[in-house]
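Each chain is listed here by its residues.
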Amino acid sequence: MAVNTTRGSLRERGIRLTRQRQILLDLIDKTRDHLDAEQLYKLAKVRDSKINRVTVYRTIKMLKETGLVDELDLMHYSGDQHYYETRLKQEHAHVICLRCGRVEEFFGDPLQKLRRQIESHLGFQILLARTEVGGYCSHCQALRAQEIQAATKAAESGRAAPVKEPPRRR
Ligand SMILES: [Zn+2]
Ligand SMILES: [Zn+2]
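The shown structure was predicted, so the numbers you read here are calculated from the model rather than taken from an experiment.

What counts, and at which threshold
- Residues numbered from 1 in each chain as written.
- Chains lettered and ligands numbered in written order.
- Predicted model: local features only at pLDDT ≥ 70, side-chain atom pairs only at ≥ 80, totals over all residues.
- Heavy atoms only, no water.
- Pairing = 2+ DSSP bridges.
- Helix = DSSP H or I, 4+ residues; strand = E, 2+ residues; numbered from the N terminus.
- Buried < 20%, exposed > 50% of the residue type's maximum accessible area, 1.4 Å probe, protein only.
- Donors = N, O, S within 2.8 Å, 3.2 Å for Na, K, Ca; no water.
- Salt bridge = Lys/Arg side-chain N within 4 Å of Asp/Glu carboxyl O.

> Any chance you could explain the pairing of strand β5 (residues 103-107) here in plain terms?
Regular strands have side chains that alternate between both faces of the sheet. Across five bridges, the pairing between strand β4 (residues 92-97) and β5 is antiparallel. From the neighbouring strand, His92 faces β5, where its bridge partner is Phe107. Once β4 ends, the chain turns through five residues before running back antiparallel as β5, passing Gly101 with a positive phi of about 85°.

Structure below.
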């Protein structure tokens, strides 16, 4: 469904949907994850062994420029990498765990409400909005609490934080 809509948008813009472009759009549309260019290249390669890296990168750039695909940096959790998703999805915020890198999507009225508020307060016409939230997921909060507790205990008993020495070779 989404791919068909995308195909229509491409046709309107006079862009031919080649087999390789279709493979990429399809991958970006259907994945539940946010994939980077290298991951997309690897998945595309499985579908079409003749596809090459240059084509994949060029196609992603084209899809981005035509506004069909959105480029995300997800709080730069893993450096300068960028991730892709189609614009056809309903607007959502990305919630990124800065410890384990898990990405959640938050959908809902508050985002639309924020948009309307910004528009009316600033007299601004919003064309696109990207919302990213960074923090700790519930799993990582528990792990961090344990770590802090262990560190506090170690400090209280007069020991320095345990430093593991590499095993000595004989
Ligand atoms: Zn986490
Ligand atoms: Zn997303």
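> So what exactly am I meant to see when it comes to the environment of Leu143 here?
On the secondary structure map, Leu143 appears in helix α6 (residues 138-156). On the basis of relative accessible area, Leu143 is assigned to the partly exposed category, the value being 28%.

> Which parts of the structure should I look at to understand the coordination of the zinc ion (ligand 2)?
For a metal with four donors in a tetrahedral arrangement, the ideal angle between donors is 109.5 degrees, while six donors in an octahedron ideally sit at 90 or 180 degrees. Protein coordination at the zinc ion (ligand 2): the donors are His34 (NE2), Glu85 (OE), His92 (NE2), His94 (NE2) and Glu105 (OE), at 2.0 to 2.2 Å from the metal. Mapped onto the sequence, the donors of the zinc ion (ligand 2) take the spacing H-x50-E-x6-H-x1-H-x10-E. In this pair, His94 is assigned in strand β4 and Glu105 in strand β5, connecting sequence segments eleven residues apart.

> Explain the pattern of salt bridges to me, please; I cannot follow it from the model alone.
Side chains that carry opposite charge are capable of pairing whenever their charged atoms lie near each other. This structure, assessed with the given rule, holds ten salt bridges. Here Arg53 makes a salt bridge to Glu38, at a shortest N to O gap of 2.6 Å. Of the two residues, Arg53 sits in helix α4 (residues 53-65) while Glu38 sits in helix α3 (residues 37-47), which places them 15 residues apart along the sequence. Take Glu38: its relative accessible area is 24%, and that puts it in the partly exposed class. Via salt bridges that share partners, Asp26, Lys30 and Arg47 belong to a single interconnected network.

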